[in-house]
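Tertiary structure, described
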Amino acid sequence: MRAAQISRPNGPFEIVEREIPEPGPGTIRIKVQACGVCHSDSVTKEGGFPWIQYPRVPGHEALGLVDSVGPNVHRWIPGQRVGVGWNGGYCGYCDACRRGNFFACQTSTRITGITSDGGYADYMIADASAVALVPEGLSAVEGAPLMCAGVTTFNCLRNSGARPGDVVGVLGLGGLGHLGVQYAAKMGFRTVAIARGGEEESLASKLGAQYYINNQVQDAAVELRKLGGAKVILATAPNAEAMSAVIGGLGVNGTLMIIGVGGPISVAPFQLIEGSLSVKGWYSGTSIDSQDTLSFSVLSGVRSMNEALPLERAAEAYDRMMSGKARFRVVLTTGN
Ligand SMILES: [Zn+2]
Ligand SMILES: [Zn+2]
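A quick note: this is a predicted structure, and the numbers were derived from the prediction, not measured.

1. Overview of the packing of helix H4 (residues 149-158) against helix H5 (residues 177-186)
- Packing of H4 against H5 leaves a shortest axis separation of 9 Å and a crossing angle of 40°. Judged by the angle between their axes, H4 and H5 are oblique. With respect to the hand of their crossing, H4 and H5 are arranged in right-handed fashion. Contacts between H4 and H5 involve Ala149, Gly150, Thr153, Phe154 and Leu157 on the former and, on the latter, Leu179, Gly180, Tyr183 and Ala184.
- Class assignment for the residues of the contact of H4 with H5 results in six nonpolar, three polar and no charged.

What follows is the structure in structure tokens.
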């Protein structure tokens, strides 16, 4: 099989031939059809975690067919269409899992494409607990980016405390933001897209936003307060300054939900106290959250806008993603 691997931190992508891996107990072999290229793949590419073992195949937006099932795997059978995201599985018996916080499993940190080889390959092995069922109605290319960018925005919004009719801001209109705006609109929120520049306004409206704030020339906090203040602001842009600047646009009991990774943000304690505001991070989700994301996307018509490239062009795909110029997600296809 072909795989696009990284042999050392900051090393180049190498297209190599490998033996097709055998699934061990509790794991599944997936014949990959498509895999999204996510900014977090830079952790593997650039050695973001010192303990990563190389060579490593990145990719945590993988979608394909169950090809073979290891011992002690229930429910999954060859031929099913499945996807795998950032969460690489969980034990089910540690204290965090027993409390239902599967994402925070204490027995091991399992991250697809980081602690094990991911989807930049013809085949990959996934823990059975990490696998989501993919519904009919989504092609492999359509479904792949929903396994990280999709579930992160969808699962954050549905757990944000916002209710239909509430004002919800989405800060940033990139890979995450263009999905966040669509999900927010389909969930029935008064959706406000906040991005830099005037040229994104028509896109925001096409994605379902009722309002657009150009934070290059407008004070986003002031504009949000004119709408009564946001119940939730989904912070997708990896821009600490922009995040800090929108906190003043939260309404009473409002929450800034952070999913974009930027530098330290600043907020005055009194600002939080005065409006009982919260600043909260959100972990993407586990496999069942991904499955819900895929189902909701079929139900509501939410789709990622993608640029597809074949697996052999992984290096180019990665550079394209890192350039910030992709509209909006880059997806590798295997032809399988
Ligand atoms: Zn990701
Ligand atoms: Zn656990």
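2. Thoughts on the coordination of the zinc ion (ligand 1)
- The zinc ion (ligand 1) binds to the protein through Cys38 (SG), His60 (NE2) and Cys148 (SG), with metal-donor distances spanning 2.0 to 2.2 Å.
- Sequence spacing among the residues donating to the zinc ion (ligand 1) works out to C-x21-H-x87-C. On the criterion of sequence distance, the pair formed by Cys38 in the loop between strand S3 (27-37) and helix H1 (42-46) and Cys148 in the loop between helix H3 (140-143) and H4 is long-range, its members being 110 residues apart. Each member of the pair, Cys38 as well as Cys148, carries the same accessibility label: buried.

3. Observations regarding the coordination of the zinc ion (ligand 2)
- In the first shell of the zinc ion (ligand 2), the protein supplies Cys91 (SG), Cys94 (SG), Cys97 (SG) and Cys105 (SG), at 2.3 to 2.4 Å from the metal.
- Along the chain, the residues donating to the zinc ion (ligand 2) are arranged with the sequence spacing C-x2-C-x2-C-x7-C. Taken together, the residues Cys91 in the loop between strand S5 (81-84) and helix H2 (95-98) and Cys105 in the loop between H2 and strand S6 (123-127) connect sequence positions 14 residues apart.
- For Cys91, a relative accessible area of 18% translates into the label buried.

4. Observations concerning the environment of Trp76
- Counting through the fold element by element, Trp76 comes out in the loop between strand S4 (62-69) and S5.
- C-alpha separation for the pair Trp76 and Ala128, spaced 52 residues apart in sequence, amounts to 7.8 Å.
- Leave out the neighbours within four places in its chain, and Trp76 touches Ile28, Val69, Val82, Ala128, Val131, Ala132, Leu133 and Gln291.
- A polar atom in the side chain of Trp76 sits 3.5 Å from the backbone oxygen of Ala128.

5. Brief notes about the pattern of salt bridges
- Enumeration according to the criterion identifies 16 salt bridges in this entry.
- Here Arg303 makes a salt bridge to Glu142, at a shortest N to O gap of 3.5 Å. Placement of the pair is Arg303 in the loop between helix H10 (287-300) and strand S14 (306-310) and Glu142 in helix H3, with a sequence separation of 161 residues.
- Overall, Arg303 belongs to the partly exposed group, its relative accessible area being 22%.
- Between Glu223 and Lys226 there is a salt bridge; the shortest N-O distance is 3.1 Å.

Calculation rules
Residues numbered from 1 in each chain as written. Chains lettered and ligands numbered in written order. Predicted model: local features only at pLDDT ≥ 70, side-chain atom pairs only at ≥ 80, totals over all residues. Heavy atoms only, no water. Axes fitted to C-alpha atoms, helices over the stretch in contact; angles between N-to-C directions. Helix = DSSP H or I, 4+ residues; strand = E, 2+ residues; numbered from the N terminus. Parallel < 35°, antiparallel > 145°, perpendicular 65-115°, else oblique. Left-handed = near helix turned anticlockwise from the far one by under 90°. Contact = heavy atoms within 4.5 Å. Nonpolar A, V, L, I, M, F, W, Y, C, P; charged D, E, K, R; others polar. Donors = N, O, S within 2.8 Å, 3.2 Å for Na, K, Ca; no water. Buried < 20%, exposed > 50% of the residue type's maximum accessible area, 1.4 Å probe, protein only. Polar contact = N/O pair within 3.5 Å; in protein donor to acceptor, adjacent residues only side chain to side chain. Salt bridge = Lys/Arg side-chain N within 4 Å of Asp/Glu carboxyl O.

Coordinates in, geometry out; function isn't part of it.
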